[in-house]
Amino acid sequence: MNQYPRARSLVLAGCLAWLSSCDDPQIFPVDGGQPAKSDATARADGGAPAPGAWVATVNPTDYHDSSGVALVRDRSGDLFVAGTFYGEARLGDRQLKAVGEQDIFLARYAADGKLRWVKTWGGSDHDTVVSMVLGTAGELYLGGAISTQVDFDGQPARSLSGQNAFVARLDASDGRVRWVRVGASAVDSSVTRLAVGLRGGVYAAGTSETELGFAEAPPRRRPRPAPTASSRVFVVRLGADGKQESLHRPVENTRCEGFVVDGDGASYLACAFIGEVRIDGAVLKSQGGSSATIDEGDGLLLKMAADGRLLWHRVLTGPRDDRFTDLARDVSGEVWAVGRFVGPATFAGQSLAAQGTRGDLLLARLSSDGVLVGARTDGAPEVDPLPLKVTPDGRGGVLVAGRFGGSSWRLGPVTARGAPEGGALFVTRYDGKAEPVWVTTAVATDRGVVTARDVLGSAGQVMTVTGSYLGETTFDGVKTPVGPSLPRQGFVWQTVAP
């Protein structure tokens, strides 16, 4: 199996990297022809480039981070990319400038990578987007958190305390915001995942330490915090008109990492938890956790009915730090969950043993009733894999994207190539039996970092990834001309898998 595709690919690397002054973007095919501006971008190994591949880059001169965060492809094949940026930005031929410390952007690209339009929103402080979905009528939804006040195309949104969760509906044609709802709460809250059910509207999952509501006109006074606040997952359903139709807060001491909804309105959540969690009268206590952060506790999968009843739960637990990072639901209704465990652990009655000293990847497949269909682990000494996203590949399997360290990582019959002094992004395609059949990587050299925030598959062979990188990074054999001292840059990477 060819591990590195040599078919058509494209990289929009660095086009989300922000600066106050920069050179024009370099956009050219890497098929042996001459670049439009320079020949700074070339095959990393000196060999023949991927046929039809092209690169668009912007060279930053100041320290302003950016990142692509979420991807959606509409029925026409156009790609939407949402993310965050600081300071001033050059995206394609568009100059952007943040209002506050961190702003939100949304860009629409044609299937061939041509930028159609870009929009930004922000207030005086940090605002962020973490999730985006396409609605049943072709509309877009964005979710994240805002600070202070943000004007979304004439739709005012105001945080009552620190950062508050928000959900916005937009027209896909021009990106115009039709409505925005803020989860008013006494302390910080945030949407971490969005999902769309068959009944229209949008579902949002997130975390808050106090009661919250997504009313059209949130109260002007800050809600009173609970006497003993603890972090709780919430799931809210908003209609197509933005009206709150249901709100549930199923478990405490948890944070949502992954979220999907089925046709009956039932929610599947991948969570991290630390300390004690009460579920259906039972008390779960995490074994892992070297500190008081939820990142370092145990993993929890649960299914919740549309009316808020908990239907089942499964725990990933061990003496070290174990967690689920995402989940997806395939066309058969089965659930794929991905995460990482360190040392010995157990999940759904199965004993696990990590090969690596820093942890192994776990890919689990469950029925809609919570029965474990199968589980696979992948790891190696000193590799330190961290899977971040899982999504159906359109062919009966899934794509898993994340990052790892080390020179190489063997996953069954395929090998992910990394760098001894840098980090690498990986995307692995697993078939319907959870067997790895293909992997590709983007490699950062000289102690650089590259990571994935979202990944899209298709019924064909097109794979798209967005995230950020720091330092010189090679995408599909194409090297980006960026030094390690410059800021993190957002990217979109599209390639054709074998």
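Up top you'll find the structure we're talking about.
Residues numbered from 1 in each chain as written. Predicted model: local features only at pLDDT ≥ 70, side-chain atom pairs only at ≥ 80, totals over all residues. Heavy atoms only, no water.

### Re the sheet that holds strand β12 (residues 155-170)
And then number 1: Spatially, β10-β11-β12-β13 is the arrangement adopted by the 4 strands of the open sheet, whose pairing is antiparallel. A strand with exactly one partner marks an edge of an open sheet, and here the two such strands are β10 (128-134) and β13 (177-183). In this sheet, neighbouring strand axes are inclined to one another by 35° on average, regardless of whether the strands run parallel or antiparallel.
And then number 2: Two elements, β10 and strand β11 (residues 140-152), share 6 bridges in a ladder whose sense is antiparallel. The partner of Thr128 across the bridge, within β11, is Ala145. (Pairing = 2+ DSSP bridges. Helix = DSSP H or I, 4+ residues; strand = E, 2+ residues; numbered from the N terminus. Axes fitted to C-alpha atoms, helices over the stretch in contact; angles between N-to-C directions.)

### Re unusual backbone geometry
And then number 1: Of note, Thr148 is a non-glycine position whose phi angle comes to about 55°, a positive value.
And then number 2: Mapped onto the elements, Thr148 comes out in strand β11.
And then number 3: With a relative accessible area of 33%, Thr148 lands in the partly exposed category.
And then number 4: Despite not being glycine, Asp153 has its phi angle at roughly 55°, a positive value.
And then number 5: On the secondary structure map, Asp153 appears in the loop between β11 and β12. (Buried < 20%, exposed > 50% of the residue type's maximum accessible area, 1.4 Å probe, protein only.)

### Notes on the pairing of strand β20 (residues 276-279)
And then number 1: Alternating positions in β20 separate cleanly, Val277 and Ile279 being buried on one face and Glu276 and Arg278 remaining unburied on the opposite face.
And then number 2: Taken together, the 4 bridges between β20 and strand β21 (residues 282-285) define a ladder with antiparallel strand orientation. Following the sheet pairing, Val277 is matched in β21 by Leu284.

### Some words on the nonpolar core
And then number 1: Leu106, Trp121, Met132, Phe152 and Phe166 are the most contacted members of the largest nonpolar core, which totals 24 residues.
And then number 2: Elements with a minimum of two residues in this core: β4 (66-73), β5 (79-85), β8 (103-109), β9 (115-121), β10, β11, β12 and β13.
And then number 3: Here this core gets 5 residues from one element, more than from any other, and that element is β11.
And then number 4: If sequence neighbours within four positions are ignored, Phe152 has contacts with Trp121, Ile146, Ala157, Phe166, Val177 and Val180.
And then number 5: Ala380, Val383, Tyr430 and Val443 belong to the second largest nonpolar core, which has 22 residues in total. (Core = buried A, V, L, I, M, F, W, Y, C linked by side-chain atoms within 4.5 Å. Contact = heavy atoms within 4.5 Å.)

### A look at the packing of aromatic side chains
And then number 1: Tallying each qualifying case throughout the model produces 14 aromatic pairs.
And then number 2: Centre to centre, the rings of Tyr469 and Phe475 are 5.7 Å apart; their planes meet at 75°, and the pair counts as edge-to-face.
And then number 3: Under the relative-accessibility criterion, Tyr469 is labelled buried at 0%.
And then number 4: Given a relative accessible area of 0%, Phe475 falls into the buried group. (Phe/Tyr/Trp six-rings, centres within 6.5 Å; stacked < 30°, edge-to-face > 60°.)

### Description of the environment of Ser332
And then number 1: Of note, Ser332 is situated in the loop between β24 (323-329) and β25 (335-341).
And then number 2: Between the C-alpha atoms of Ser332 and Gly396, which are 64 residues apart in sequence, the distance is 8.8 Å.
And then number 3: Side chain to side chain, Ser332 and Asp330 meet in a polar contact 2.6 Å long. (Polar contact = N/O pair within 3.5 Å; in protein donor to acceptor, adjacent residues only side chain to side chain.)

### Observations concerning the side chain of Thr128
And then number 1: Looking at the secondary structure, you find Thr128 in strand β10.
And then number 2: Apart from the residues within four sequence positions on either side, Thr128 is in contact with Thr84, Gln102, Ile104, Gly144, Ala145 and Phe166.

### Brief notes about the pattern of salt bridges
Working definition: two side chains of opposite charge can pair if their charged atoms are close together.
And then number 1: On inspection of all chains with the given rule, the structure shows 20 salt bridges.
And then number 2: The partner of Asp326 in a salt bridge is Lys389, with the nearest N and O atoms 3.5 Å apart. Residue Asp326 is located in strand β24, and its partner Lys389 is located in strand β30 (residues 386-392); the two are separated by 63 residues in the primary sequence.
And then number 3: You can call Asp326 buried: its relative accessible area is 2%. (Salt bridge = Lys/Arg side-chain N within 4 Å of Asp/Glu carboxyl O.)

### Thoughts on the pairing of strand β18 (residues 254-261)
And then number 1: Summarising burial for β18: 7 of the 8 residues are buried, a large majority.
And then number 2: Pairing of β18 with strand β19 (residues 267-273) involves 7 bridges; the strand directions are antiparallel. Counted as the bridge partner of Gly258 is Ala270 from β19.
And then number 3: Remark: 5 residues form the turn of the hairpin made by β18 and β19, two consecutive strands paired antiparallel; Gly265 in that turn has positive phi of roughly 85°.

Just geometry here; none of it tells us what the structure is for.
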